[in-house]
Amino acid sequence: MKPIKEGKVREIYDNGDSLILVATDRISCFDVILKNIITKKGTVLTQMSKFWFDYTKDILPNHMISTDVKDMPEFFQQPQYDGNSMMCKKLEMLPIECIVRGYITGSGWASYQETGKVCGIELPAGLKESDKLPEPIYTPSTKAEIGDHDENISFEQSIEVLEKQFPGKGLEYATTLRDATIALYKKCADYALSKGIIIADTKFEFGVDENGNIVIGDEMLTPDSSRFWPADGYEPGHGQPSFDKQFARDWLKSNEHDWELPQEVADKTIAKYLEAYKLLTGKDL
């Protein structure tokens, strides 16, 4: 079988009335696929997404059917697909990255320092780097092709983008995406905090099923799509240590974007992913 689509990290296979998403061990930073293979990373992404899909199905349905390769065609019953593959419902994916920020960091902090705003949203004066925001904010963006950068857009612009794809549904879908994104974040951030992890921000992707219902797709609250900070030692006023690929990003920034990580940085990156998985789920992979 050949993938019908390859993203920065995932490969998508057509399985008739379903899709099979394989999370590879590739890693991308700054929209560039690095030369490294991060062993077990795809399994962490798939199993962590499964955990969150199960945890949030009371808020919104998701696209997951199974992560057991025994439920998939024989081709996937090979060691390289076991644990990192997910059979999913087919959806018409929405052209919006649904980003929610509970803390001020990264590009949001840089924007706030310049303008007092993040993605056009006015924030209180006097915030420090890594401060918790009074309420989580929704900052959608467009989805870029590989090699391009996503573009931040306002809620009003998200209505226009959705209206083009779904005439007459732009406002309804944009409102549902915003409300679901914040509700999902709040429930999961509260849970994660009880396990010692701060979810500073994350992004969700949604699609529409055959009945016109909005469904969570892609991945969910993984170290690839989120900033995870250890709650122990959290201290606003500077950047925080993290359980996600920020560790790899930081190395790249200080090494002029040499697109290959030293092995020790790659090893520490997967160690952080595995530690986050254990803290959140109580299980080893």
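Please refer to the structure placed before this passage.
This report concerns the structure included in the present document. Remember, predicted model here, so these are calculated numbers, not experimental data.

What counts, and at which threshold
Residues numbered from 1 in each chain as written. Predicted model: local features only at pLDDT ≥ 70, side-chain atom pairs only at ≥ 80, totals over all residues. Heavy atoms only, no water. Helix = DSSP H or I, 4+ residues; strand = E, 2+ residues; numbered from the N terminus. Buried < 20%, exposed > 50% of the residue type's maximum accessible area, 1.4 Å probe, protein only. Contact = heavy atoms within 4.5 Å. Polar contact = N/O pair within 3.5 Å; in protein donor to acceptor, adjacent residues only side chain to side chain. Pairing = 2+ DSSP bridges. Axes fitted to C-alpha atoms, helices over the stretch in contact; angles between N-to-C directions. Parallel < 35°, antiparallel > 145°, perpendicular 65-115°, else oblique. Left-handed = near helix turned anticlockwise from the far one by under 90°. Nonpolar A, V, L, I, M, F, W, Y, C, P; charged D, E, K, R; others polar. Core = buried A, V, L, I, M, F, W, Y, C linked by side-chain atoms within 4.5 Å.

### Comments concerning unusual backbone geometry
Of note in the backbone geometry, D31 takes a positive phi value of approximately 65 degrees without being a glycine. Position of D31 among the secondary structure elements: in the loop between β4 (26–29) and β5 (32–37). You will see that L221, though not glycine, has its phi angle at about 50 degrees, which is positive. Relative to the elements of secondary structure, L221 occurs in the loop between β15 (214–217) and β16 (226–230). With relative accessibility at 0%, the residue L221 sits in the buried group.

### A word on the environment of T202
Relative to the assigned elements, T202 resides in strand β14 (residues 197–208). Its relative accessible area of 2% is what places T202 among the buried residues. On a C-alpha basis, the gap between T202 and L94 in space is 17 Å, while along the polypeptide they are 108 residues apart. Contact partners of T202, with chain neighbours within four places excluded, come to C98, I99, V100, Y185, L221, S225 and S226. Side chain to side chain, T202 and S226 meet in a polar contact 2.8 Å long.

### Considerations on the pairing of strand β2 (residues 10–14)
Here strand β1 (residues 5–6) pairs with β2 via 2 bridges, running antiparallel. Of the residues in β2, the one forming a bridge with K5 is I12. Joining the antiparallel neighbours β1 and β2 is a turn of 3 residues. The pairing of β2 with strand β3 (residues 18–23) spans 5 bridges and is classified as antiparallel. Note on β3: the bridge partner recorded for D14 is L19. Taken together, β2 and the strand that follows it, β3, pair antiparallel across an intervening segment of 3 residues, in which G16 is found at a positive phi of about 75 degrees.

### With respect to the packing of helix α1 (residues 41–56) against helix α6 (residues 263–281)
When two helices pack together, their arrangement is given by the angle between the helix axes and by the axis-to-axis distance. Their axes nearest at 10 Å, the elements α1 and α6 cross at an angle of 20 degrees. The angle between the axes of α1 and α6 places the two elements in the roughly parallel class. As α1 runs across α6, the sense of the crossing is left-handed. Seen from α1, the contacting residues are K41, V44, L45, Q47, M48, F51 and W52; seen from α6, they are I270, Y273, L274, A276, Y277, L280 and T281. Considering only residue class, the contact of α1 with α6 consists of 11 nonpolar, 2 polar and 1 charged.

### Observations concerning the nonpolar core
If you look at the biggest cluster of nonpolar residues, it comprises 64 residues, and the most contacted ones within it are W52, L94, L177, F206 and M220. Sort the elements by how many residues they give to this core and helix α4 (residues 170–194) lands first, with 11 residues. Every residue in contact with W52, bar those within four places of it in the chain, is listed here: C188, Y191, A192, I199, M220, L221 and L280.

### Section: the pairing of β3
Most of β3 sits inside the fold, with 6 of its 6 residues counted as buried. Both faces of β3 are covered, namely the face carrying S18, I20 and V22 and the face carrying L19, L21 and A23. Pairing of β3 with strand β7 (residues 85–89) involves 5 bridges; the strand directions are antiparallel. Bridging from a neighbouring strand, L21 pairs with M86 of β7.

Shape descriptors only; they carry no functional weight alone.
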